[in-house]
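Inside the fold
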Amino acid sequence: MSLLCHLLSSSEWGANKVGTGTFISALGYTSADYYSKLVKNIVLSLVTELKGNQFNGLNIQGRVSDDHVNVVSLFCVPLITLPDVTPLLEALLTYHGGRSQEVLSSEFLEAVNETFLKKKIVLSESAILSLWLRHLPSLEKATLHLFERLISSQTSSLEEVECIIKDSLLIMQILKLMGRGSRGYDASSAKLFMMLFPMYERWFAKPKAACHPAIFRIVDEIFKNALLETGGTPEVMTIIQMFTRCFVQAHQKDNKQHKFPLKAYFPHQHQHLVIALLKHPFDLSATLWSQHLKYITDMLKAIIEDKSIRTYADLFESWFLFVHFGEWADIAVEQLLKSEDESSDTFLWLLAFYYNPHNDKEKRTQILVEARAVYDRLMMLFSCTTLSVTDLQAAASTKTDKRQPCTKHLVRHLLISFLLFSSGGHKIAQEFISHVILASSTTNEVFGLLTRTAYRFNQLGLKDQRAVKLVNELLQELRFTD
């Protein structure tokens with residue numbers, strides 16, 4: 001407020017400070033009170049001008065020039081954090097001019113977004129939605145801002161990651177707005193968005209039915225790029241899974257009418273696969289997990305082995321869809337160690353696909369051969385009550401030093417699950433973590449596997465089982481070492 005008082009008092013109108021001060025005193029105000037009321041009146045006048053005046057029951061639309069609106073938006077930049085200016089910010093964000101070009105200054109849009117992300121201002125959902133629709137860089141920056149926070153928070157727990165997502169002012173607004181469907185939809189916002197960002201026009205083919213799913217897909221596209229740029233690291237995959245989990249929960253929690261079905265947000269051509277993946281493991285009895293995994297795997301195999309799929313892009317889309325629901329990969333590893341022999345080929349194929357989404361049969365076959373060899377050796381040790389770290393290292397070894405990185409990921413996943421679910425593995429788990437994992441560069445990956453397992457145990461309400469205690473002890477050791 002002091003900045004605005006200075007701006008107003010240093011203006012041409014307030015140049016005569018003595019006269020102005022005498023005038024203000026005569027009105028019975030202090031300078032601060034006077035300028036505060038002046039600001040409120042200016043804001044009210046501008047908001048009324050932008051929205052149109054109501055006079056004697058008649059709606060009189062005062063035509064405001066786009067240049068004037070641009071100047072007003074620039075004037076607001078240094079005043080964004082003032083609570084009295086918030087109504088003007090919202091009026092500007094929801095204002096749409098007569099031309100296809102953006103009428104608000106980019107400095108204003110960037111400043112509003114930056115201030116909003118730092119939680120220095122609170123804006124209505126419609127204002128934020130309009131900001132994203134008219135200024136894609138704001139949506140991108142907000143998503144990356146959340147992404148960076150989530151990456152740094154994975155050293156704690158997935159419960160904390162979940163809290164950050166749900167507490168995120170920007171992303172939670174996406175979740176809430178997308179659950180609303182067409183209610184409160186601003187068609188002019190979508191029209192402006194299509195003009196400014198024609199590359200996303202395909203998602204607005206039916207604007208009133210596609211607005212909010214389109215926003216989700218844009219965010220999803222940002223996550224996809226992050227996944228590609230990082231080479232599909234487990235940390236990024238976990239963030240995508242947790243974001244999807246929070247979104248699905250928010251969508252299911254909103255039972256109001258007119259919302260879009262969940263499958264609308266995942267426009268994969270094989271909708272039966274989408275529906276199957278949307279069924280979360282926690283929504284099924286544990287006795288049905290194996291059967292549902294077989295169903296998912298059979299559909300994925302049919303898609304991947306379809307001769308009409310000739311491009312890596314088609315294959316990648318199926319893999320990226322599966323990554324959103326990667327909890328099923330964790331369940332597959334657990335079921336591998338508990339299932340009968342006839343199921344192991346199915347689950348190993350699913351894990352090979354999860355860790356290596358390449359349409360190279362020879363390469364996939366090689367991964368499956370190596371994974372099968374390690375799995376068979378681990379199953380021979382599964383019932384042993386006395387094991388050594390050397391035994392486990394021998395089971396995971398390979399005759400050559402040319403094991404692919406994706407195969408290494410898969411083998412580590414098998415090893416960690418073996419430690420948690422086998423009798424002999426429990427006794428050597430801490431020693432294995434201390435002497436093998438901490439001595440390698442895989443600490444973050446193993447920590448991620450353990451945090452996902454701990455999260456699943458907590459969600460299932462498991463507390464006293466031996467595996468639950470062990471996973472928490474191992475996490476504590478890795479945190480302390482870090």
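Residues numbered from 1 in each chain as written. Predicted model: local features only at pLDDT ≥ 70, side-chain atom pairs only at ≥ 80, totals over all residues. Heavy atoms only, no water.

1. Comments concerning the overall build of the chain
- Scanning the chain from terminus to terminus reveals 24 helices and two strands.
- Relative to its full complement of 482 residues, the chain shows a buried share of 52%.
- Within the chain, counting contacts between residues at least 6 apart in sequence, those at least 24 apart form 72% of the total.
- About 23200 Å² of surface is accessible on the chain, with carbon and sulfur atoms providing 54% of the total. (Helix = DSSP H or I, 4+ residues; strand = E, 2+ residues; numbered from the N terminus. Buried < 20%, exposed > 50% of the residue type's maximum accessible area, 1.4 Å probe, protein only. Contact = heavy atoms within 4.5 Å. Areas by Shrake-Rupley, 256 points an atom, 1.4 Å probe, with all protein chains shown as cover.)

2. Some details on empty space enclosed by the protein
- Here the structure, examined in full by the defined rule, presents five cavities of 30 Å³ or more.
- The volume enclosed by the largest cavity comes to roughly 110 Å³.
- Around the largest cavity sit Leu 158, Thr 238, Gln 241, Met 242, His 280, Phe 282, Glu 327, Asp 330, Arg 452, Tyr 455 and Arg 456, which together line it.
- Within the residue set of the lining of the largest cavity, elements represented by two or more residues are helix H13 (234–253), helix H17 (327–338) and helix H23 (443–459).
- Looking at the lining of the largest cavity residue by residue, the classes come out as four nonpolar, three polar and four charged. (1 Å grid on protein atoms, 1.4 Å probe; cavity = no way out; pocket = protein on both sides within 12 Å on 5 of 7 lines; lining within 4 Å. Points joined across faces, edges and corners; volume = space filled by probe spheres on them. Nonpolar A, V, L, I, M, F, W, Y, C, P; charged D, E, K, R; others polar.)

3. Remarks on the environment of Val 161
- Tracing the backbone through its elements, the reader meets Val 161 in helix H9 (residues 158–167).
- Accessibility expressed as a relative area gives 1% for Val 161, which makes it buried.

4. Remarks on the pattern of salt bridges
- Going through the model one piece at a time under the given rule, you end up with twelve salt bridges.
- For the salt bridge of Lys 166 with Glu 162, the shortest nitrogen-to-oxygen distance reads 3.6 Å. Here the residue Lys 166 and the residue Glu 162 both occupy positions in helix H9, the gap between them amounting to four residues, near one helical turn.
- For the salt bridge of Glu 221 with Lys 224, the shortest nitrogen-to-oxygen distance reads 3.8 Å. (Salt bridge = Lys/Arg side-chain N within 4 Å of Asp/Glu carboxyl O.)

5. Quick look at the packing of aromatic side chains
- Going through the model one piece at a time under the given rule, you end up with 16 aromatic pairs.
- With centroids separated by 6.2 Å and ring planes inclined at 20°, the aromatic side chains of Phe 216 and Phe 243 adopt a geometry described as stacked. You can see Phe 216 sitting in helix H12 (residues 207–229) and its partner Phe 243 sitting in helix H13, a full 27 residues away along the chain. Grouping residues by exposure puts Phe 216 and Phe 243 together as buried.
- Arranged with centres 5.0 Å apart and planes meeting at 70°, the rings of Phe 247 and Tyr 265 form a pair that is edge-to-face. Here Tyr 265 lies in the loop between H13 and helix H14 (271–278) and Phe 247 lies in helix H13, a separation of 18 residues in the sequence.
- The exposure class assigned to Phe 247 is buried, which follows from its relative accessible area of 0%.
- One aromatic cluster is present, built from ring pairs that chain together Phe 147, Phe 216, Phe 223, Phe 243, Phe 247, Tyr 265, Phe 266 and Phe 325. (Phe/Tyr/Trp six-rings, centres within 6.5 Å; stacked < 30°, edge-to-face > 60°.)

6. Focus: unusual backbone geometry
- In this model, Lys 119 sits at a positive phi of 60°, which is unusual for a non-glycine residue.
- Summarising the element assignment, Lys 119 is placed in the loop between helix H6 (106–117) and helix H7 (125–134).
- On the basis of relative accessible area, Lys 119 is assigned to the partly exposed category, the value being 45%.

7. Focus on the side chain of Arg 245
- Among the structural elements, Arg 245 can be located in helix H13.
- Buried charge Arg 245 goes without a salt bridge, the closest partner of opposite sign being Glu 327 at 5.1 Å.
- Every residue in contact with Arg 245, bar those within four places of it in the chain, is listed here: His 280, Phe 282, Glu 327, Tyr 455 and Gln 459. (Lys, Arg positive; Asp, Glu negative; His and termini not counted.)

8. Here we look at the packing of H13 against H23
- H23 packs onto H13 with a crossing angle of 25° between their chain directions and a minimal axis gap of 9 Å. Classified by the angle between their axes, H13 and H23 sit roughly parallel to one another. Regarding H13 and H23, the two cross each other, and that crossing is left-handed. Taken together, the residues of H23 that come into contact with H13 (itself represented by Pro 234, Glu 235, Thr 238, Gln 241, Met 242 and Arg 245) are Asn 444, Glu 445, Arg 452, Tyr 455 and Gln 459. (Axes fitted to C-alpha atoms, helices over the stretch in contact; angles between N-to-C directions. Parallel < 35°, antiparallel > 145°, perpendicular 65-115°, else oblique. Left-handed = near helix turned anticlockwise from the far one by under 90°.)

9. Regarding the side chain of Ser 318
- Within the secondary structure, Ser 318 sits in helix H16 (residues 312–324).
- The class of Ser 318 is buried, set by a relative accessible area of 2%.

10. What about the confidence of the model for the chain?
- Of the residues in the chain, 77% reach a pLDDT of 70 or more, and the chain-wide mean stands at 79.
- Considering each helix and strand of the chain separately, the mean pLDDT is smallest for strand S1 (residues 53–55), with a value of 35, and largest for H6, with 94.
- Low confidence marks residues 53–61, where pLDDT is under 50. Its contacts with residues over four positions away, or in another chain, come to nine contacts.
- Note that residues 179–211 has pLDDT below 50 and, in this model, 67 contacts with residues that lie over four places away or in other chains. (pLDDT = per-residue confidence, 0-100.)

11. Side note on the state of the cysteines
- The tally for this structure, following the rule as stated, stands at zero disulfides.
- Summary of cysteine pairing: Cys 246 is not part of a disulfide, and the nearest cysteine sulfur, belonging to Cys 163, is at 8.7 Å.
- A relative accessible area of 1% means that Cys 246 is categorised as buried. (Disulfide = S-S within 2.5 Å.)

12. Here's the deal with the nonpolar core
- Counting 142 residues, the largest nonpolar core has Leu 88, Phe 322 and Trp 328 as its most contacted members.
- If one sorts the elements of this core by residue count, helix H21 (residues 405–421) sits on top with ten residues.
- When neighbours within four sequence positions are excluded, Trp 328 is seen to be in contact with Leu 277, Lys 279, His 280, Pro 281, Leu 284, Trp 289, His 292, Leu 293, Ile 296 and Phe 322. (Core = buried A, V, L, I, M, F, W, Y, C linked by side-chain atoms within 4.5 Å.)

13. Brief notes about the packing of helix H20 (residues 389–396) against helix H22 (residues 423–437)
- The geometry of H20 relative to H22 is characterised by a closest axis approach of 10 Å and an angle of 65° between their N-to-C directions. When the axis of H20 is compared with that of H22, the two are roughly perpendicular. Crossing hand, H20 versus H22: right-handed. Packed against H20, whose contacting residues are Val 389, Leu 392 and Gln 393, the element H22 presents Ile 428, Glu 431, Phe 432 and Val 436 at the interface.
- Along the lines of polarity and charge, the residues of the contact of H20 with H22 split into five nonpolar, one polar and one charged.

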